[in-house]
Amino acid sequence: MNNQNNASSGYAAAVKPTRTDRGMEYKIFARVTHRMKSVDETDRASFPELAKAVAENSRLWAALAEDLMSEENKLSDEMKGQLISLAMFVARHTHAVLSGRESVEPLIDINTSIMRGLRGNGGSKSVEAAA
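Computed from a predicted structure; not experimentally measured.

## Some thoughts on the overall build of the chain
Point 1. Assigned secondary structure in the chain consists of six helices and zero strands.
Point 2. Beginning at the N terminus, the succession of helices and strands in the chain can be written as α-α-α-α-α-α.
Point 3. In the chain, the proportion of contacts linking residues at least 24 apart, taken out of those at least 6 apart, comes to 62%.

Here is the structure:
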């Protein structure tokens, strides 16, 4: 019995949970979104953290847009167009946030909507729990 338990323990350690692409994308969006939410944009001393958070979000959206333009991407042309349009908005709005003209909230709202879509169930899991 002890050898069987040892063997089971050994195999259990070797088996890792498999993450789907959507699950990985959700986790990345959740981490970036949580970081933007955690910064008090009204506190001038927090500006460096806000800048890092929105820059990370901008890099995420740039990478997404690049992937959407690749021939290997299997999304419909309509969905690709909508997401690329969002990526362009994120780039413009990021500049407005960094210049102090706009709030970070629309970026958080967009990411939260994307996360709901990735979950496919209306987004029952909170951003904080996923980060």
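## So, the nonpolar core
Within soluble globular proteins, side chains that are nonpolar generally end up buried alongside one another.
Point 1. Phe29, Met36, Val54, Trp61, Val104, Leu107 and Ile114 are the most contacted members of the largest nonpolar core, which totals 25 residues.
Point 2. Going through the elements one at a time, helix H2 (21-37), helix H3 (47-68), helix H4 (77-98) and helix H5 (105-119) are the ones with two or more residues in this core.
Point 3. Every residue in contact with Trp61, bar those within four places of it in the chain, is listed here: Phe29, Leu83, Leu86, Ala87, Val90, Ile110, Asn111 and Ile114.

## Let's talk about H3
Point 1. The end-to-end C-alpha separation of H3 is 31 Å, in line with the 32 Å expected for 22 residues at 1.5 Å each.
Point 2. Along H3, the residues that are buried comprise Leu50, Ala53, Val54, Glu56, Asn57, Leu60, Trp61, Leu64, Ala65 and Leu68.

## Details of the environment of Ser58
Point 1. Along the polypeptide, Ser58 turns up in helix H3.
Point 2. The sequence separation of Ser58 and Ala91 amounts to 33 residues, and the corresponding C-alpha distance is 6.2 Å.

## What to know about the packing of aromatic side chains
Point 1. Counting across every chain of the model gives one aromatic pair.
Point 2. Relative to Trp61, the ring of Phe29 lies with its centre 5.6 Å away and its plane at 75°, an arrangement referred to as edge-to-face. Taken together, the residues Phe29 in helix H2 and Trp61 in helix H3 connect sequence positions 32 residues apart.

## Focus on the side chain of Asn57
Point 1. Looking at where Asn57 falls in the secondary structure, it is placed in helix H3.
Point 2. Ignoring sequence-local partners within four residues, the contact set of Asn57 consists of Val32, Met36, Val90, Leu107 and Asn111.

## Considerations on H5
Point 1. For H5, spanning 15 residues, the distance from its first C-alpha to its last is 21 Å, which sits close to the expected 21 Å at 1.5 Å a residue.
Point 2. Inspection of H5 places Leu107, Ile108, Ile110, Asn111, Thr112, Ile114, Met115 and Leu118 among the buried residues, and these make up the whole buried set.
Point 3. Following H5 by one or two positions, Gly120 adopts a phi angle in the positive range, close to 70°.

## Considering the confidence of the model for the chain
Point 1. In the predicted model, the chain carries a mean pLDDT of 84, and the fraction of residues at 70 or more is 77%.
Point 2. H4 holds the highest mean pLDDT among the elements of the chain, 97, whereas helix H6 (residues 127-130) holds the lowest, 44.
Point 3. This model gives residues 6-16 a pLDDT under 50, and the stretch forms zero contacts once residues within four places in sequence are excluded.

## Things to note about the environment of Gly23
Point 1. Within the fold, Gly23 resides in helix H2.
Point 2. Between the C-alpha atoms of Gly23 and Arg119, which are 96 residues apart in sequence, the distance is 7.8 Å.

## A few points about the pattern of salt bridges
Point 1. Summed over the entire model, instances satisfying the criterion amount to four salt bridges.
Point 2. A salt bridge links Glu49 to Arg35; the nearest nitrogen and oxygen atoms lie 3.9 Å apart. Residue Glu49 is found in helix H3, and its partner Arg35 is found in helix H2; the two are separated by 14 residues along the sequence.
Point 3. Looking at Glu49, the relative accessible area reads 38%, which means it is partly exposed.
Point 4. Notably, a salt bridge pairs Glu49 with Lys52, separated by 3.5 Å at the nearest N-O pair. Of this pair, Glu49 and Lys52 both sit in helix H3, three residues apart, which is roughly one turn of the helix.
Point 5. Each member of the salt-bridge network shares a partner with another, and the members are Arg31, Arg35, Glu49, Lys52 and Glu56.

Cut-offs used in this document
Residues numbered from 1 in each chain as written. Predicted model: local features only at pLDDT ≥ 70, side-chain atom pairs only at ≥ 80, totals over all residues. Heavy atoms only, no water. Helix = DSSP H or I, 4+ residues; strand = E, 2+ residues; numbered from the N terminus. Contact = heavy atoms within 4.5 Å. Core = buried A, V, L, I, M, F, W, Y, C linked by side-chain atoms within 4.5 Å. Buried < 20%, exposed > 50% of the residue type's maximum accessible area, 1.4 Å probe, protein only. Expected span 1.5 Å × (residues − 1). Phe/Tyr/Trp six-rings, centres within 6.5 Å; stacked < 30°, edge-to-face > 60°. pLDDT = per-residue confidence, 0-100. Salt bridge = Lys/Arg side-chain N within 4 Å of Asp/Glu carboxyl O.

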